[in-house]
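Report on the structure
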Protein chains: 2
Amino acid sequence: MSSAATRPTGEDDLWSVDQHLEDILSTVQPLEPIELQLLDAQGCVLVEDVTVPVSLPPFDNSSMDGYAVRIADVEGASEEFPAALEVVGDVAAGADDPVRVGPGQAARIMTGAPLPPGAEAVVPVEWTDGGLGEGPAGGMRARSLAPEDAGGQVRVHRPVEARAHVRAEGSDVKAGDRALEAGTILGPSQIALLAAIGRGTVRVRPRPRVVVVSTGSELVQPGEQLGRGRIYDSNSFALTAAARDAGAIAYRVGAVADDAETLRSTIEDQLIRADLLVTTGGVSVGAYDVVKEALADIGDEDVPGGGIEFRKLAMQPGKPQGFGSIGPDHTPLLALPGNPVSSYVSFELFARPAIRALMGLTDLHRPVVRATLTADKALRSPKGRRQFLRGRYADGEVTPVGGAGSHLVAALAHADALIVVPEDMESVEPGTEVDVVPLG
Amino acid sequence: MSSAATRPTGEDDLWSVDQHLEDILSTVQPLEPIELQLLDAQGCVLVEDVTVPVSLPPFDNSSMDGYAVRIADVEGASEEFPAALEVVGDVAAGADDPVRVGPGQAARIMTGAPLPPGAEAVVPVEWTDGGLGEGPAGGMRARSLAPEDAGGQVRVHRPVEARAHVRAEGSDVKAGDRALEAGTILGPSQIALLAAIGRGTVRVRPRPRVVVVSTGSELVQPGEQLGRGRIYDSNSFALTAAARDAGAIAYRVGAVADDAETLRSTIEDQLIRADLLVTTGGVSVGAYDVVKEALADIGDEDVPGGGIEFRKLAMQPGKPQGFGSIGPDHTPLLALPGNPVSSYVSFELFARPAIRALMGLTDLHRPVVRATLTADKALRSPKGRRQFLRGRYADGEVTPVGGAGSHLVAALAHADALIVVPEDMESVEPGTEVDVVPLG
């Protein structure tokens, strides 16, 4: 994304892609944090520095199933000359008052169980006869089947060093340590740590609720009968799915007919559940472009930057765009064009970063890679426009899929990347290196 | 993942990681397909070849807001010598019976509206005076504000070729074409195409429902008071989150105490909503390892390969593992070890591919990359075991985070990759190239 942000001077001038994105992102603020249950916070950004309240592990415990012993009692032990110890009981995981181990004694101990008082190390069960007097044990017999194994005698075949097979209190993290920093994205292993230190809830920025409204009297719901002159609504489905992919909780509103009053009341209705509104269609220069018509006077003109502004952008597809904020909470709204490819590309360029900004993420954009153009002939791009073509990307090469037409949904569905042709290029020869944005 | 799959011969022999994974995947079958609403099918695998029922676009339509004209009428037109045409009406998107365009006439037409009979091309509004008689128009006035613009006279400033700014019927896809092949994963742009061709529902393999049960009498729910000898349950949270990340609908069951009967009845209860059961803990050689005890006789031994088998694997962490199927529907079950890092690594290695196999995906594994080890000293790995260490990976280098201890949750939370040390290596010097699995 090379060209500098420029603000047009004349009314008919085009806005640059970068300037439009910058204006959107300067308006979108991260959502206010809320306290969420751990699993509801998955994928969200932490807004607090989390400190460890109790050391992990909270107490010295065994890392093996075996016998808790005193070092001196097993010194020099071997299979030929085992150390015979009196088993004084079991120490299971969760034991709150473990048996004491005196000289000549051992306690049978389970992984995770607290090291009992008097014991200095753990001997794995495989280094003993497991109390059965029949050579090295493969494991313990279940307590429920052989309760007598918690007593009797055990023969230990190997010596151990002090603290062997013992996980020390605080050896993972210590009370007062920083567990996680504000700004961390909570994935499974961060959730593991929060749970391990006892946090049932955590303060994060929530996922934004995105309401998607498509407009157009020609639109028919998929699955219904298509009348003459009609097409199926695909934008509301595609953008709802894309909003979810971007991390949002997305609500799809069925297509709204080209009537300004209906659209206005639909949008006002939806404000209650929207952190971001996305509309498609009705933003161009036609006489029935009701999004433009309906939103011109719905905006909150009392706040600086409020209201919806409609612009022409130096890009293809996606020249007509609207953006601003509406309603009592100054909810951001993106009015995207209606052609399916235009709306999809516009969503990628503007709505996805906006959703990520609402989440409090700092890394807003998909990575851009360089790839060699593989094509039969040169690509043509209109002068002064940044063009986004659909392509397939693999192993450092990218191949265009379909043409530049913004109605080519099938080609879009078979692409996995956008090819970016900068404003100053009117032609790209095969073999040229180009910027590519891999999708998904 | 280099070593060949080998089946152990003796009872105490270790199973290879590859053999265990192979056995799991040979038992897990893709879920039966169901018909889902488009947005419910997001991320799922299509099981039908989808054919286009009606061409896209379904009719010739305008790609611009402008005027539908006859070629001969605008031949040689210029701003100085415009062609003046009688405007016979509007053609809006969705119009089912558009006005006819005769010689010397034009219809005002909107993007997406059907090309009216008699018209041969569309002139963009910017190439006309928009009916206002004041030089080139920037756009149309809204129909609601200026209904008279649907009549009167328009001056056209440029000629057009036949079919200019017309999207031909079927120029995207034609009736009978293959829209999407079975096996396609449905993302936003595939959903766009399905909607565009009128599909309200689609046949896919559903997301698997994964039930996660942790076991251990020492486990306390995060947020509650920690008693002596107790620790917080983190596994059920981490693996529920990881199961979701892998594409599953995940249900977390609270920790179950070390009692075989309780565990058995909990698992039997959960079978109704499980396509895969994942337990943690209780699979080693201790006397309180109730998963082993409870599942030994719950299995469906009447089917070949049924029942739960417990094994020792040649890996660290994660040596003790259980796997099989249970209940009337032969629901697959993975019994993972209980140490937090062991359960997490085991989930990555075995549960994640199993979930993806249930979804009908063919690409089951995370990509493995090569990276240079950056470390202060050589890594040690037990002979004959495949070791998975936690690390941070960036720019072709990987740095270990924390040690090999399977209780080190904090280190896990600060890692973003697994470092794989193969079975035949006991030491890895800094600067060596190693296999790395980037996570998330």
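Residues numbered from 1 in each chain as written. Chains lettered and ligands numbered in written order. Predicted model: local features only at pLDDT ≥ 70, side-chain atom pairs only at ≥ 80, totals over all residues. Heavy atoms only, no water.

An unreviewed UniProt entry lists chain A under the name Molybdopterin molybdenumtransferase, with Streptomyces malaysiense as the source organism. For the record of chain A, the UniProt heading Catalytic activity (unreviewed entry) holds the text "adenylyl-molybdopterin + molybdate = Mo-molybdopterin + AMP + H(+)". In its Sequence similarities (unreviewed entry) section, UniProt records this for chain A: "Belongs to the MoeA family." (UniProt positions renumbered as here; feature names shortened; annotations may be inferred.)

Secondary structure assignment for chain A yields 8 helices and 28 strands. Here the C-alpha radius of gyration of chain A, 33 Å, is well above what a compact globule of 440 residues would show, namely 22 Å. Principal axes of the C-alpha set define a box for chain A whose edges measure 95 × 55 × 45 Å. Counting across all 440 residues of chain A, residues that qualify as buried make up 56%. Of all intrachain contacts in chain A linking residues separated by at least 6 positions in sequence, the fraction that spans at least 24 positions is 70%. Total accessible area computed for chain A in this model is approximately 17600 Å², and 47% of it derives from carbon and sulfur atoms. Of the charged side chains in chain A, 38 are positive and 62 negative, and the gap between their average positions amounts to 4 Å. (Helix = DSSP H or I, 4+ residues; strand = E, 2+ residues; numbered from the N terminus. Rg over C-alpha atoms; globule rule 2.2 N^0.38 Å. Buried < 20%, exposed > 50% of the residue type's maximum accessible area, 1.4 Å probe, protein only. Contact = heavy atoms within 4.5 Å. Areas by Shrake-Rupley, 256 points an atom, 1.4 Å probe, with all protein chains shown as cover. Lys, Arg positive; Asp, Glu negative; His and termini not counted. Charge placed at Lys NZ, Arg CZ, Asp CG, Glu CD.)

What follows deals with the interface of chain B and chain A. Tallying the contact residues gives 84 residues for chain B and 85 residues for chain A. For the pairing of chain B and chain A, the buried interface totals around 6600 Å² over both sides, and the portion due to carbon and sulfur atoms is 60%. Counting the contacts that link chain B with chain A gives 39 residue pairs in polar contact (both at pLDDT 80 or more). Element by element, the count of residues in the side of chain B that touches chain A is highest for helix α3 (residues 188–196) of chain B, at 8 residues. Taken together, the residues of the side of chain B that touches chain A break down into 42 nonpolar, 22 polar and 20 charged. (Buried area = accessible area lost by both parts, 1.4 Å probe. Polar contact = N/O pair within 3.5 Å; in protein donor to acceptor, adjacent residues only side chain to side chain. Nonpolar A, V, L, I, M, F, W, Y, C, P; charged D, E, K, R; others polar.)

Residue and element names in this part refer to chain A. Here 5 strands make up an open sheet; going across it, the order is β8-β5-β7-β6-β9 and the pairing mixed. Among the strands making up the open sheet, the edge pair consists of β8 (121–124) and β9 (153–156). Taking each pair of neighbouring strands and ignoring which way they run, the sheet shows an average axis angle of 40°. (Pairing = 2+ DSSP bridges. Axes fitted to C-alpha atoms, helices over the stretch in contact; angles between N-to-C directions.)

Now for the packing of aromatic side chains. One pass over the full model with this rule turns up 0 aromatic pairs over all chains. Above the ring of F237 of chain B, the side-chain terminus of R252 of chain B is found at 3.9 Å from the ring centroid. (Phe/Tyr/Trp six-rings, centres within 6.5 Å; stacked < 30°, edge-to-face > 60°. Lys NZ or Arg CZ within 6 Å of the ring centre and 35° of its normal.)

To continue, consider the domain arrangement of chain A. All names here are of chain A. Structurally, chain A comprises domain 1 (17–31 + 207–358), domain 2 (34–56 + 181–205), domain 3 (61–167) and domain 4 (369–438). Each of domain 1 and domain 2 was reduced to a C-alpha centroid, and the two centroids are 33 Å apart. Interface of domain 1 and domain 2: buried area, both sides summed, is about 320 Å²; carbon and sulfur atoms make up 44% of it. Among the residues of domain 1 in contact with domain 2, P30, L31 and R207 are the three that bury the most area, contributing 91% of the side total. Counting across the interface, domain 1 meets domain 2 through 2 residue pairs in polar contact (both at pLDDT 80 or more). A per-class count over the side of domain 1 that touches domain 2 returns 3 nonpolar, no polar and 1 charged. (Domains from an automatic or database assignment.)

This part is about unusual backbone geometry. Residues and elements named next belong to chain A. Here the residue pair L56 and P57 is connected by a cis peptide bond, since its omega of -15° sits within 30 degrees of zero. With respect to the helices, strands and loops of the structure, P57 is situated in the loop between β3 (50–51) and β4 (61–62). For H330, which is not a glycine, the phi torsion comes out positive at approximately 55°. Tracing the backbone through its elements, the reader meets H330 in the loop between β20 (320–326) and β21 (331–336). For H330, a relative accessible area of 34% gives the class partly exposed.

Attention now moves to the pattern of salt bridges. Residue and element names in this part refer to chain A. Evaluation of the coordinates by the stated rule reveals 40 salt bridges over all chains. The salt bridge partner of R143 is D90, with a shortest N-O separation of 3.2 Å. Linking R143 in the loop between β8 and β9 with D90 in strand β6 (residues 83–91), this pair joins segments that are 53 residues apart in sequence. Owing to a relative accessible area of 17%, D90 belongs among the buried residues under this scheme. With a closest N to O distance of 3.0 Å, D149 and R141 form a salt bridge. Using a relative accessible area of 37% as the deciding quantity, one classes R141 as partly exposed. A cluster of three or more residues bridged by salt bridges with shared partners is formed by E35, E48, R199 and R203. (Salt bridge = Lys/Arg side-chain N within 4 Å of Asp/Glu carboxyl O.)

Residue and element names in this part refer to chain B. On the secondary structure map, Q225 appears in the loop between β14 (219–220) and β15 (231–232). When the C-alpha positions of Q225 and T240 are compared, they lie 23 Å apart, and in sequence the two are 15 residues distant. Discounting chain neighbours no more than four positions away, the residues touching Q225 are V220 and Y232.

What follows is about helix α7 (residues 340–358) of chain B. Residues and elements named next belong to chain B. A maximum bend of about 45° is found in α7 at F347. For α7, the tally of buried residues reaches 18 of 19 residues, placing the bulk of the element in the interior. Following α7 by one or two positions, G360 has its phi on the positive side, about 85°. (Bend = angle between axes of the 7 residues up to and from the residue.)

Another aspect to go through is the relation of the copies chain B and chain A. For the match of chain B to chain A, the screw axis carries a shift of 0.0 Å, the RMSD comes to 0.0 Å, and the turn is 180°. This pairing of chains is accounted for by a two-fold axis. Within chain B, D245 of chain B has its C-alpha nearest the rotation axis, a separation of 6.1 Å. A shared binding surface is used by both copies, with 100% of the interface residues of chain B retained as interface residues in chain A. (Least-squares fit on C-alpha atoms with pLDDT ≥ 70 in both.)

Moving on, we get to the packing of helix α4 (residues 235–245) of chain B against α7 of chain B. Residues and elements named next belong to chain B. Contact pair α4 / α7: the axes reach a minimum separation of 10 Å and the direction vectors enclose 25°. As summarised for this structure, α4 and α7 are arranged roughly parallel, according to the angle between their axes. Both α4 and α7 take part in a crossing whose hand is right-handed. Contact residues: N235, L239, A242 and A243 in α4; P340, S343, Y344, F347 and I355 in α7. Taken together, the residues of the contact of α4 with α7 sort by class into 7 nonpolar, 2 polar and no charged. (Parallel < 35°, antiparallel > 145°, perpendicular 65-115°, else oblique. Left-handed = near helix turned anticlockwise from the far one by under 90°.)

Moving on, we come to the sheet that holds strand β12 (residues 201–205) of chain A. Sheets are built from strands that pair by backbone hydrogen bonding, the pairs being arranged parallel or antiparallel. Residue and element names in this part refer to chain A. Taken in spatial order, the 3 strands line up as β1-β12-β2 in an open sheet, and their pairing is antiparallel. Across the chains shown, the open sheet's two edge strands, defined by having one partner strand only, are β1 (34–37) and β2 (45–46). The pairing of β2 with β12 spans 2 bridges and is antiparallel. Looking at the pairing, L46 lines up with V204 of β12.

All names here are of chain B. Of all 11 residues in α4, 9 are buried, a share of seventy percent or more. For α4, the full list of buried residues reads N235, S236, F237, A238, L239, T240, A241, A242 and A243. Two residues or fewer after α4 comes G247, characterised by a positive phi angle close to 115°.

So, about the side chain of R386 of chain A. Residue and element names in this part refer to chain A. Structurally, R386 can be placed in strand β24 (residues 386–394). According to the relative accessible area criterion, R386 is buried, its value standing at 1%. There is a polar contact of 3.0 Å between the side chain of R386 and the side chain of E423.

All names here are of chain A. When you tally the buried positions in β21, you get 6 out of 6 residues, the bulk of the element. Neither face of β21 is open: one carries T331, L333 and A335, the other P332, L334 and L336, and all of them are buried. The hairpin formed by β20 and β21 contains 4 residues between the paired strands, and G327 there has a positive phi angle of roughly 80°.

Summarising the element assignment, I326 of chain B is placed in strand β20 (residues 320–326). A C-alpha to C-alpha distance of 9.3 Å links I326 of chain B and L277 of chain B, two positions 49 residues apart in sequence.

With that settled, the discussion passes to the environment of D233 of chain A. Here D233 of chain A lies in the loop between β15 (231–232) and α4 (235–245). Along the sequence, D233 of chain A and L115 of chain A sit 118 residues apart, while their C-alpha atoms lie 66 Å from each other. If we skip the residues at most four places from it in the chain, D233 of chain A touches S214, L219, V220, P222, R252 and A255 of chain A together with A195 of chain B. A polar contact of 2.6 Å, which involves the side chain of D233 of chain A, links it to the side chain of S236 of chain A.

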